[in-house]
Amino acid sequence: MTIVHLAWDFLRHRKGALAAILGFQLVQILLNLWLPSLNARIIDVGIANQDLPYIYRTGIEMLVATLVQIMCAMGAIYFGSRTAMQLGRHLRKQVFRHVQGFSATDQHEFGAPTLVTRTTNDVTQVQMVVLLTFTVIVTSPIMGVGGIVMAIRQDPPLSLLLLIVVPVLGLIILLVMRALTPRYSVQQKRIDRISTLLREQLTGARVIRAFRRQGREQDRFAGANSDLRSIWLQIGMLWAFLMPATNVVVGASSAAVVWVGGHRIAEGAMMVGSLAAFISYLMMILTAVMMTGMMAMLFPRGDVSATRINQILDTKPSISTPPNPRTLPAGALTFELASVSLTYPGAEVPVLEGISMRLDPGTTTAIIGSTGSGKSSLLRLFPRLIEASAGRVLAGGIDVRELDLTELRARIAIIPQQAFLFSGTVASNVAGRLRVTDQIDRSRVERALRAAQAWDFVNSLDNGMDTQVESGGKNLSGGQRQRLTIARALYRCLPDASGHRTADLLIFDDSFSALDFATDAALRLGLREAVGDVAILIVAQRVATIRQSDAILVLEAGQTAGIGTHEQLMASCSTYQEIVSSQLSAEEAA
């Protein structure tokens with residue numbers, strides 16, 4: 001089973017904990033099997049002979065055995081719970097880190113909702129099955145076999161009833177298990193569907209309200225919720241049938257034992273204490289069968305979850321570091337696209353075709369074009385977030401496919417279209433140090449904030465750079481979030497106390513859209529002085545933002561419509577002329 005292999009990869013390194021669990025459970029079960037025999041001796045020897053000292057001695061033995069049994073049970077539960085929780089933590093970390101290596105195409109293959117479900121709900125299912133295995137599966141076989149042996153010792157003829165009772169109970173559990181297995185698989189898929197709808201509706205809440213689509217979204221969610229409710233009801237009905245069915249078998253078997261045992265006592269073939277012990281052993285045997293059966297029904301759900309987790313872990317990222325990566329040269333890097341084309345999987349036409357450009361240290365290059373012309377896709381080629389279908393992407397004269405991904409991406413700072421901040425402080429967000437123990441270069445943070453035109457508003461906050469930021473930056477305005485996101489990228493482009501700078505390429509992916517014109521102009525005015533000889537690449541919709549760039553690439557339908565300075569493009573590129581005329585007057589364009 002998949003769940004066994006998935007769990008064993010972790011548990012084989014925890015053999016000490018497993019040995020402790022098995023030891024505690026074994027002692028507990030042996031004591032549990034011994035107690036009915038002691039009780040039978042009290043009845044058949046102590047009470048029958050009116051031997052009070054014998055009753056007291058045996059009673060003390062039972063009390064000591066019970067206390068030891070309780071301590072062993074506590075020890076087994078402690079080590080079992082601890083190990084199961086460690087397994088859950090290990091799987092979540094493993095899945096999370098593996099997903100971090102996925103490209104955008106890999107993530108799209110699964111979808112964000114199912115990745116969340118598999119990292120949380122599915123891991124919890126595996127964790128729960130492992131926990132119940134330590135507390136139930138380990139004890140059930142020993143209890144069942146030991147109970148049968150002890151029952152036969154009490155009265156072999158009466159034990160023949162077990163040949164009827166145990167198979168009947170096992171058959172009921174088997175039939176219910178076969179009905180539950182496919183339903184658990186459907187259940188997980190419908191939970192994925194609920195997660196997908198919730199994500200869509202929470203993310204698009206404003207759009208839904210703006211277009212008055214609340215009713216339709218409510219119907220979609222109600223339909224998915226109804227489907228999930230339906231499968232839950234089916235599972236619940238099967239479990240509801242199982243409990244009274246097993247109780248009927250247990251009750252009928254107890255009645256049969258008392259009836260047959262009563263006749264044997266009347267015939268003098270059996271003692272009263274032996275009958276009482278036999279009934280206790282019968283309950284142990286049936287309990288062991290029921291627990292094993294119930295675990296057998298939970299295992300399919302855990303196995304489905306383990307399979308879904310393995311699907312992620314077995315997926316090899318389409319973009320990864322080569323076996324023997326080359327090392328980037330020290331100093332400022334030149335980045336270059338050489339006849340690059342890009343076609344997304346399943347697309348009929350390329351999103352980019354034959355693009356060539358060069359980003360030298362100390363230069364500012366801009367990209368402009370209509371929506372859907374491939375601007376953002378082009379930016380993702382430099383840090384190798386997506387792979388070029390044809391042509392070469394170079395960093396320092398080396399093809400990026402020959403470089404270590406971590407080293408390459410460390411040399412590039414990106415400001416994305418959508419500003420996102422992490423929970424923490426302003427300083428920790430700008431410095432990228434989100435753990436409390438991380439040291440923050442506050443002087444460098446301040447320089448980054450000033451260069452991003454964010455110092456004034458940060459300084460006006462009650463705690464300045466130590467002001468707490470909510471997840472996603474929800475306690476800040478859109479413009480404030482954008483400026484802090486820009487400051488975070490600039491921090492990596494600024495030299496530290498030793499003069500070392502992390503990034504050699506600064507990319508603005510339409511990052512000025514949330515800024516007013518005055519802030520935009522002030523930021524661009526001091527940008528080059530702040531970052532030194534770092535190459536700057538800007539994607540923008542405003543001509544005013546990019547007109548002073550050293551080179552402007554004009555994209556149209558994924559192809560180069562023109563490249564040059566503002567003045568050169570105004571003289572030679574009709575596409576650029578149309579963009580400029582839609583934004584600036586003739587006097588401003590000149």
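Residues numbered from 1 in each chain as written. Predicted model: local features only at pLDDT ≥ 70, side-chain atom pairs only at ≥ 80, totals over all residues. Heavy atoms only, no water.

Caption draft 1: Quick peek at the overall build of the protein. In terms of regular secondary structure, the protein is built from 21 helices and twelve strands. Relative to a compact globule of 590 residues, whose C-alpha radius of gyration would be 25 Å, the protein shows 35 Å and is clearly more extended. Overall size of the protein, expressed as C-alpha extent along the three principal axes, is 120 × 50 × 50 Å. With 590 residues in all, the protein has 46% of them scored as buried. Across the protein, the fraction of contacts at a sequence separation of at least 24, relative to all contacts at a separation of at least 6, is 77%. When the accessible surface of the protein is summed, it comes to about 29300 Å², and 59% of that surface belongs to carbon and sulfur atoms. Separation of charge centres in the protein, based on 54 positive and 46 negative side chains, amounts to 6 Å. (Helix = DSSP H or I, 4+ residues; strand = E, 2+ residues; numbered from the N terminus. Rg over C-alpha atoms; globule rule 2.2 N^0.38 Å. Buried < 20%, exposed > 50% of the residue type's maximum accessible area, 1.4 Å probe, protein only. Contact = heavy atoms within 4.5 Å. Areas by Shrake-Rupley, 256 points an atom, 1.4 Å probe, with all protein chains shown as cover. Lys, Arg positive; Asp, Glu negative; His and termini not counted. Charge placed at Lys NZ, Arg CZ, Asp CG, Glu CD.)

Caption draft 2: Region of interest: the packing of aromatic side chains. Throughout the structure, instances matching the rule amount to five aromatic pairs. Aromatic side chains Phe102 and Phe110 sit 5.9 Å apart centroid to centroid with 5° between the ring planes, which places their arrangement in the stacked category. In this structure Phe110 comes out as buried when scored by relative accessible area, which is 19%. Ring centres of Phe420 and Phe422 lie 5.3 Å apart, and the angle between their planes is 85°; on these two criteria the pair is classed as edge-to-face. With a relative accessible area of 40%, Phe420 lands in the partly exposed category. An aromatic cluster is built from Phe24, Tyr78 and Phe79, whose rings are joined through pairwise contacts. The cationic tip of Arg444 hangs over the ring face of Tyr491; the distance from NZ or CZ to the ring centre is 4.2 Å. The ring of Phe517 is capped by Arg542, whose NZ or CZ atom sits 4.4 Å from the centre of that ring. (Phe/Tyr/Trp six-rings, centres within 6.5 Å; stacked < 30°, edge-to-face > 60°. Lys NZ or Arg CZ within 6 Å of the ring centre and 35° of its normal.)

Caption draft 3: Spatial organisation of the side chain of Thr425. Mapped onto the secondary structure, Thr425 falls in strand E7 (residues 424-425). Discounting residues that sit within four places of it in the chain, Thr425 has contacts with Met465, Asp466, Thr467, Gln468 and Val469.

Caption draft 4: The arrangement of unusual backbone geometry in detail. Here the phi dihedral of Arg384 falls at roughly 60°; this positive angle occurs in a residue that is not glycine. Structurally, Arg384 is set in the loop between helix H11 (375-381) and strand E4 (390-395). Of the residues examined, Arg384 reaches a relative accessible area of 5% and is grouped as buried. Within the chain, Gln453 stands out as a residue other than glycine whose phi angle is a positive 60°. Mapped onto the fold, Gln453 is located in the loop between helix H14 (442-451) and helix H15 (455-460). Assessed through its relative accessible area of 29%, Gln453 is described here as partly exposed.

Caption draft 5: Structural detail: the pattern of salt bridges. Scanning the model with the defined rule gives 16 salt bridges in all. Here Glu217 makes a salt bridge to Arg220, at a shortest N to O gap of 3.0 Å. One end of the pair, Glu217, and the other, Arg220, are both in helix H9 (residues 214-266), three residues apart, so they sit about a helical turn from each other. Exposure remark for Glu217: the relative accessible area of 11% places this residue in the buried category. In this structure, Arg358 and Glu336 form a salt bridge, with 3.4 Å as the shortest nitrogen-oxygen distance. Here the residue Arg358 occupies a position in strand E2 (residues 352-359), and Glu336 occupies one in strand E1 (residues 335-342), the gap between them amounting to 22 residues. Taking relative accessible area as the criterion, Arg358 reaches 47% and is therefore assigned partly exposed. Ionic contacts of the salt-bridge type, sharing partners, join the residues Glu200, Arg216, Glu217 and Arg220 into one network. (Salt bridge = Lys/Arg side-chain N within 4 Å of Asp/Glu carboxyl O.)

Caption draft 6: Fine view of the packing of helix H16 (residues 478-493) against helix H17 (residues 517-531). Two elements in contact, H16 and H17, have axes separated by 12 Å at closest approach and are oriented at 10°. Put simply, H16 runs roughly parallel to H17. Only Thr519, Leu523, Leu527 and Val531 of H17 make contact with H16, whose side of the interface consists of Arg483, Ile486, Leu490 and Cys493. (Axes fitted to C-alpha atoms, helices over the stretch in contact; angles between N-to-C directions. Parallel < 35°, antiparallel > 145°, perpendicular 65-115°, else oblique.)

Caption draft 7: The arrangement of the side chain of Thr364 in detail. Among the structural elements, Thr364 can be located in strand E3 (residues 364-369). Among the polar contacts made by the side chain of Thr364, one reaches the side chain of Arg528 at a distance of 3.0 Å. Once you skip the residues sitting within four places of it in the chain, Thr364 turns out to touch Arg528, Ile536, Ile538, Ser549, Asp550 and Ala551. (Polar contact = N/O pair within 3.5 Å; in protein donor to acceptor, adjacent residues only side chain to side chain.)

Caption draft 8: Layout of the layout of surface pockets. The calculated volume of the second largest pocket comes to roughly 700 Å³. Taken together, 16 residues form the lining of the second largest pocket, with Gln418, Ala419, Phe420, Gly472 and Arg481 sitting closest to its centre. For the lining of the second largest pocket, the secondary-structure elements that each account for two or more residues are helix H7 (162-203), helix H8 (205-210) and H16. (1 Å grid on protein atoms, 1.4 Å probe; cavity = no way out; pocket = protein on both sides within 12 Å on 5 of 7 lines; lining within 4 Å. Points joined across faces, edges and corners; volume = space filled by probe spheres on them.)

Caption draft 9: Structural view of empty space enclosed by the protein. Summed over the entire model, instances satisfying the criterion amount to one cavity of 30 Å³ or more. The volume enclosed by the largest cavity comes to roughly 40 Å³. Taken together, Leu381, Arg384, Ile386, Glu387, Ala388, Val393, Asp399, Val400 and Arg401 form the lining of the largest cavity. Among the residues forming the lining of the largest cavity, the class breakdown is five nonpolar, no polar and four charged. (Nonpolar A, V, L, I, M, F, W, Y, C, P; charged D, E, K, R; others polar.)

Caption draft 10: Quick peek at the sheet that holds E1. Judged by pairing direction, the sheet is antiparallel, and its four strands sit side by side in the order E2-E1-E4-E5 without closing on themselves. Where the open sheet ends on each side, the last strands, each with one partner, are E2 and strand E5 (398-399). (Pairing = 2+ DSSP bridges.)

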